[in-house]
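Okay, here's what each chain looks like letter by letter:
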Amino acid sequence: MLKQVIDKEIAQQYDVDERDLYDLNLGPSHPATHGILENRVKLDGERIVKCESHIGYCHRSFEKLSEHYSYNQVLTITDRMNYVSSMANNIGWTLAAEKLLGIEVPKLVQYVRVIMLELNRIIDHLICTGVMGVDSGAYTGFLYFMEQRERAYDIIQKMTGARLTTTFGRVGGLDRPLYNEFKQDILEWLRPLPKVIKEFHTLLTRNRIFIERLRGVSEISEERALEFGFTGPNLRAAGVSYDVRKADPFSSYSDFDFDVPVGSTGDAYDRYMVRMVEMEESMKIIKQAIENLPDGPHHADVPEVYLPEKKHVYSSMESMIYHFKIIMHGIRPPVGEVYQAIEAPNGELGFYCVSDGGPNPYRLHFRSPCLYFYQSIEELLEGGLIADAIMTMSSINVIAGELER
Amino acid sequence: MPEIVAFLIEKTLVTIFVFIVVLTVVAFTTWIERIVAGHIQMRYGPNRAGPKGLFQVAADGVKFFMKEEFIPDRANKVLFVIAPTFTFMAAGFIMAVIPFGDRIMIGGREVLLQIADLNIAVLYVLAIGSLGVYGIIAGGWASNNKYSLMGGLRASSQMISYEIAMGLAIVALLLDHGTLSLRQIVLNQQGAIWHWSVFSHPIGFIIFYVAAFAESARVPFDLPEAENEIVAGYHTEYSAMKFGLFMFGEYVHMVLGSALIATLYFGGWSIPWVTAPEEPGLLWGLATFAVLWIKTYFFVFVYMWVRWTLPRFRYDQLMNLGWKRLIPIGVVNIFITAALLVVFQHLGIAG
């Protein structure tokens, strides 16, 4: 009975015959949602008349959990936010904690963070653009990209010992010195990448069917995107040249020369192209960083924050005291609050942290870009076809783990 | 031996032969598809079961039979069970009229390497081909699943639209050949390679090929089962051998569709510049048989190539392509062909 009333209202509002309305759940478990998102759509034939999106299926209360974790332990939580580019979250959080503690890390650490952040940006964009291919029915390009991603994970594995949940770095520096072949490995990884991206371009970018599937799909205007709080590639696709790396450089981003690609219409094709071009820009940054990689210690000289090496703990007095202090009392930043944003692959990833002087954050909020994208999903889907809905969902690249945290 | 007994024996043997060959070839087409896909996607493909993964086909068959037969609650059980067989049969019936080879002489008896040389074979193909969609619609509707229903609806509109285009392409071809018998169409294309219809009907060939793609519901026309949009379309709820039959039906459709393209446009079993010997023996029969399969497999390969390369159309784009592009071009093609035929006949050059 209630459904009929609702249907009638919708039919009147959108000027369709109420007998034509057909309910369909795109999600929470659907091949195209890539995670647990739910869109309840009302269809008129293939056209989506009304969309109602629900979130909360993947909520793991990370923000509350963080209030019981020490500053380094929060790092493991950030791994599980955007699991496609977990290092970006790690870097964002360490930067936020360092800002709170007032630590200036050595140039080497900053450069390595830039390299790893850009590497993760490439990984994330490889997956996003590849999945756009998969969702439009072209599976092959995705596997070409997946191969490159696996090779990148090999490097990440060497750096951190894990492939997906990286827990990269620590507050105050890197968790361990760089391994010896780091430079060669990165350069080796970069070498075939332009060719693969070019291959992908020939496979999809100029493919007539692919263009027609993406052009004009879920367009969003500059103003609307800003109103929703879009950031990252999706905002740039709409024509706003906003990039945290340029607007508020962190981790010595001002040392590097790179361009920020900007789209014009904000449709799925622009979002795709912005990501494709950004990969090339990221490669440029990585090359510059590798060339100018300075020598030096892998952590800042902050013994009260950064754990001493184990062998020193057993042999030197100061190290043992600091070790004891950090383990037993924790890292205690001064009372205050801090907001640190980084340009994560998906957009502005912010960490707002309030400290009461204790070993755990008093309050921690993650500003994850996906939540802001997903607010617009109802507006973007309505009026399109089912196939458009799929392309919209994959092109705005909502990662369920980051959306709900 | 009375004529009728000899006839029955001959036809029974040919039917069994064709049936076994086609089904075996189709089964191994699934293996070829995976090998081709693996090659295109730079991965290995099947290489575990047997040499080069050849036994994968048997392994799949066993798996299909061992899986749980699941019938959803409140599904229409009768239709749900019948639907896959229907699709499979409709695809398989086409093999009855495809000329798999020339006639051969065995013991002074002329044997056609074809189950039936119908004089309305082309009509038969079109008629049987359109039956296949009933299985899909019935399966989609009987599953009591929203995604399945959408898949069934998509399939019905897609196949009906593209059948028209396919029919129009064939009409132009028939104007030229003046016969509906597939064997006669092949005989007409004997001789030099430019006797193949594809050279006299390039536009018709393109329309036919695109429509054949759409009929077999493979990428870029796999909307009925678009897995990212409607989960698995009409066979979402199917499991075990019922799903296997849908799947097998798709491959039968693909292989026989390719054989039909080879027959209609690429000279069928005929070998360019080679004429049939006076006394065609078994060797000649095998040669023509092999030639048809080579031509067929070229098109099967193109099917696979396209599948692993192109994205999928959107529903409205599919309809636009069918109704606004292919059908008008097909109609114009008929008129152009007819006009040219009249001109040539007037000039005294045979069509």
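What about the overall build of chain A?
1) Next: Scanning chain A from terminus to terminus reveals 19 helices and 6 strands.
2) Next: Taken over the C-alpha trace, chain A has a radius of gyration of 23 Å; the compact-globule value for 405 residues is 22 Å, and the two agree within 12%.
3) Next: Per-residue burial over chain A gives 60% buried out of 405 residues.
4) Next: The contacts in chain A between residues at least 6 apart in sequence include a share of 70% that link residues at least 24 apart.
5) Next: When the accessible surface of chain A is summed, it comes to about 16,200 Å², and 52% of that surface belongs to carbon and sulfur atoms.

A word on helix H8 (residues 202-216) of chain B
Residue and element names in this part refer to chain B.
1) Next: When the terminal C-alpha atoms of H8 are compared, their 21 Å separation across 15 residues agrees well with the 21 Å that a helix rising 1.5 Å per residue should span.
2) Next: Across the 15 residues that make up H8, a large majority, 11, are buried.
3) Next: Taken together, the buried positions of H8 are Gly204, Phe205, Ile207, Phe208, Tyr209, Ala211, Ala212, Phe213, Ala214, Glu215 and Ser216.
4) Next: Looking one or two residues past H8, Ala217 carries a phi angle of roughly 55 degrees, positive in sign.

A look at the interface of chain A and chain B
1) Next: Each partner contributes to the interface: chain A provides 35 residues, whereas chain B provides 26 residues.
2) Next: A combined buried area of about 2,600 Å² lies between chain A and chain B, and 57% of that area is made up of carbon and sulfur atoms.
3) Next: For the chain A face of the interface with chain B, the top three residues by lost area are Tyr22, Glu46 and Ile209 of chain A, together amounting to 21%.
4) Next: Our count for the contact surface shared by chain A and chain B stands at 2 salt bridges.
5) Next: Between Arg154 of chain B and Glu46 of chain A there is a salt bridge whose closest N-O contact spans 2.6 Å.
6) Next: The tally of links from chain A across to chain B stands at 11 residue pairs in polar contact (both at pLDDT 80 or more).
7) Next: Sorting the residues of the side of chain A that touches chain B by element identifies strand S1 (21-26), helix H5 (107-135), helix H6 (140-160), helix H8 (193-205), helix H9 (208-214) and helix H18 (386-395) of chain A as the ones contributing at least two each.
8) Next: Examining the composition of the side of chain A that touches chain B, we find that 5 residues originate from one element, S1 of chain A, more than from any other.

What about the environment of Gly244 of chain B?
1) Next: Structurally, the position occupied by Gly244 of chain B is in helix H10 (residues 240-265).
2) Next: Considered as a pair, Gly244 of chain B and Asp60 of chain B are 184 residues apart in the sequence and their alpha carbons are 8.9 Å apart.

Brief notes about the packing of helix H1 (residues 3-40) of chain B against helix H11 (residues 282-307) of chain B
All names here are of chain B.
1) Next: For the pair H1 and H11, interaxial distance at closest approach is 10 Å and the crossing angle is 35 degrees. Judged by the twist between their axes, the crossing of H1 over H11 is right-handed. Every residue of H11 that contacts H1 at Phe17, Val21, Val22, Val25, Thr29, Ile32, Glu33, Val36 and Ile40 is listed here: Phe289, Trp293, Tyr297, Val300, Phe301, Met304, Trp305 and Arg307.
2) Next: Broken down by class, the residue content of the contact of H1 with H11 amounts to 14 nonpolar, 1 polar and 2 charged.

Digging into the sheet that holds strand S4 (residues 336-344) of chain A
All names here are of chain A.
1) Next: In space, the 3 strands of this open sheet follow the order S4-S5-S6, with antiparallel pairing throughout. Of all the strands in the sheet, just S4 and strand S6 (363-367) have a single pairing partner and so form its edges. With direction set aside, neighbouring strand axes in the sheet form an average angle of 10 degrees.
2) Next: Pairing geometry for S4 and strand S5 (residues 347-355), over 9 bridges, is antiparallel. Its bridge partner lying in S5, Val338 is registered against Cys353.

What to know about the sheet that holds strand S3 (residues 47-54) of chain A
Working definition: the strands of a sheet are paired by backbone hydrogen bonds and lie parallel or antiparallel to each other.
Residues and elements named next belong to chain A.
1) Next: The 3 strands lie next to each other as S1-S2-S3, forming an open sheet whose pairing is antiparallel. Here the strands that pair on one side only, and so sit at the sheet edges, are S1 and S3. Each adjacent strand pair in this sheet contributes to an overall mean axis angle of 20 degrees, direction not counted.
2) Next: As paired strands, S1 and strand S2 (residues 38-44) are joined by 6 bridges and run antiparallel to one another.

Structural notes on the nonpolar core
Residue and element names in this part refer to chain A.
1) Next: Among the nonpolar cores identified, the biggest contains 168 residues, and Trp93 and Met116 are the most heavily contacted of them.
2) Next: Counting residues per element, this core draws most heavily on H5, at 14 residues.
3) Next: Residue contacts for Trp93: discarding those within four places in its chain leaves Tyr71, Val74, Leu75, Thr78, Phe351, Cys353, Pro361 and Leu364.
4) Next: Judged by nonpolar contacts, the second largest core, of 39 residues, contains Leu143, Ala389, Ile390 and Ile396.

Quick notes on unusual backbone geometry
1) Next: In this structure, Ser218 of chain A is a non-glycine residue whose phi angle is positive, near 45 degrees.
2) Next: Structurally, Ser218 of chain A can be placed in the loop between H9 and helix H10 (222-228).
3) Next: Even without being a glycine, Met42 of chain B presents a positive backbone phi close to 55 degrees.
4) Next: Here Met42 of chain B lies in the loop between H1 and helix H2 (56-66).

Quick word on the pattern of salt bridges
One side chain can pair with another of opposite charge once the charged atoms of both are near each other.
1) Next: Overall, the coordinates contain 35 salt bridges over all chains when judged by the stated rule.
2) Next: Asp175 of chain A serves as the salt-bridge partner of Arg176 of chain A, at 3.6 Å between the closest nitrogen and oxygen.
3) Next: Arg74 of chain B is the partner of Asp73 of chain B in a salt bridge, and the nearest nitrogen-oxygen pair spans 3.8 Å.
4) Next: Look at Arg74 of chain B and you get exposed, because its relative accessible area is 70%.
5) Next: Several salt bridges share partner residues, and in doing so they unite Glu118, Arg121, Arg236, Asp243, Arg245, Glu278 and Glu343 of chain A into one network.

Overview of the packing of H5 of chain A against helix H7 (residues 182-190) of chain A
All names here are of chain A.
1) Next: At a closest axis distance of 13 Å, the pairing of H5 and H7 adopts a crossing angle of 25 degrees. In terms of their interaxial angle, H5 and H7 are classed as roughly parallel. Where H5 crosses over H7, the two elements pack in a sense that is left-handed. Judged by residue contacts, Ile115, Met116, Leu119 and Ile122 of H5 engage Phe182, Ile186 and Trp189 from H7.
2) Next: Each residue belonging to the contact of H5 with H7 can be placed in one class, and the counts come to 7 nonpolar, no polar and no charged.

Describing the side chain of Gln110 of chain A
Residues and elements named next belong to chain A.
1) Next: With respect to the helices and strands, Gln110 occurs in helix H5.
2) Next: Overall, Gln110 belongs to the buried group, its relative accessible area being 10%.
3) Next: A polar contact is formed between the side chain of Gln110 and the side chain of Glu104, at a distance of 3.5 Å.
4) Next: Setting aside its immediate chain neighbours within four residues, Gln110 contacts Glu104, Val105, Ser251 and Ser252.

Re the confidence of the model for chain B
1) Next: Per-chain confidence: chain B averages 85 in pLDDT, with 99% of residues scoring 70 or above.
2) Next: Here the predicted complex carries an ipTM of 0.81, next to a pTM of 0.86.

Overview of the side chain of Gln148 of chain A
1) Next: Here Gln148 of chain A lies in helix H6.
2) Next: Apart from the residues lying within four places of it in its own chain, the contact partners of Gln148 of chain A are Leu126, Trp189, Pro192, Leu193 and Val196 of chain A.

Section: the environment of Gly137 of chain A
1) Next: Examined against the element boundaries, Gly137 of chain A turns out to sit in the loop between H5 and H6.
2) Next: Residues Gly137 of chain A and Phe210 of chain A lie 73 residues apart in sequence; the distance between their C-alpha atoms is 9.4 Å.
3) Next: Ignoring any residue separated from it by four or fewer positions in sequence, one finds Gly137 of chain A in contact with Val219, Leu310, Pro311 and Arg312 of chain B.

Analysis parameters
Think of each chain on its own: its residues are numbered from 1, step by step along the sequence as written. To label them, take the chains in the order written and letter them from A, then take the ligands in the order written and number them from 1. Per-residue local features of the predicted model are confined to residues with pLDDT of at least 70, and side-chain atom pairs are confined, for both listing and counting, to 80 or more; whole-chain, interface and lining totals are unaffected and use all residues. With hydrogens and water set aside, each side-chain value is computed from the structure's full complement of heavy atoms. Comment: elements are numbered from the N terminus, with helices defined as DSSP H or I runs of at least four residues and strands as E runs of at least two. Note that the radius of gyration is over C-alpha atoms, with the globule rule given as 2.2 Å times the number of residues to the power 0.38. For every residue, the accessible area (1.4 Å probe, protein chains only) is compared with the maximum for its type, and the residue is labelled buried under 20%, exposed over 50%, or partly exposed between those bounds. Residues are treated as being in contact if the distance between any of their heavy atoms lies within 4.5 Å. Values of accessible area rely on a 1.4 Å probe in the Shrake-Rupley scheme; residue burial ignores everything except the protein chains shown. What a helix should span is 1.5 Å times the count of its residues minus one. Buried area, as used here, totals the accessible surface that two parts lose on assembly, with accessibility defined by a 1.4 Å probe and the loss added over both. One speaks of a salt bridge when a side-chain nitrogen belonging to Lys or Arg is within 4 Å of a carboxyl oxygen belonging to Asp or Glu. Under this definition, polar contacts are N or O atom pairs within 3.5 Å; protein pairs additionally need one hydrogen-donor-capable and one acceptor-capable atom, and for neighbouring residues in sequence, both atoms have to be side-chain atoms. Convention adopted: a line fitted to C-alpha atoms gives each axis, helices being fitted over their contacting stretch, and angles between N-to-C directions are expressed from 0 to 180 degrees. What makes a crossing left-handed is the near helix being turned counterclockwise from the far one by less than a right angle; a clockwise turn instead makes it right-handed. When residues are grouped by polarity, Ala, Val, Leu, Ile, Met, Phe, Trp, Tyr, Cys and Pro land in nonpolar, Asp, Glu, Lys and Arg in charged, and all others, Gly among them, in polar. Here a strand pair is declared whenever DSSP counts at least two bridges between the two strands. Note on terminology: a nonpolar core comprises buried Ala, Val, Leu, Ile, Met, Phe, Trp, Tyr and Cys residues joined through side-chain atoms within 4.5 Å. Any angle from 65 to 115 degrees is called roughly perpendicular, while one under 35 is roughly parallel, one over 145 is roughly antiparallel, and all others are oblique. Scored from 0 to 100, pLDDT records how confident the predictor is in each individual residue.

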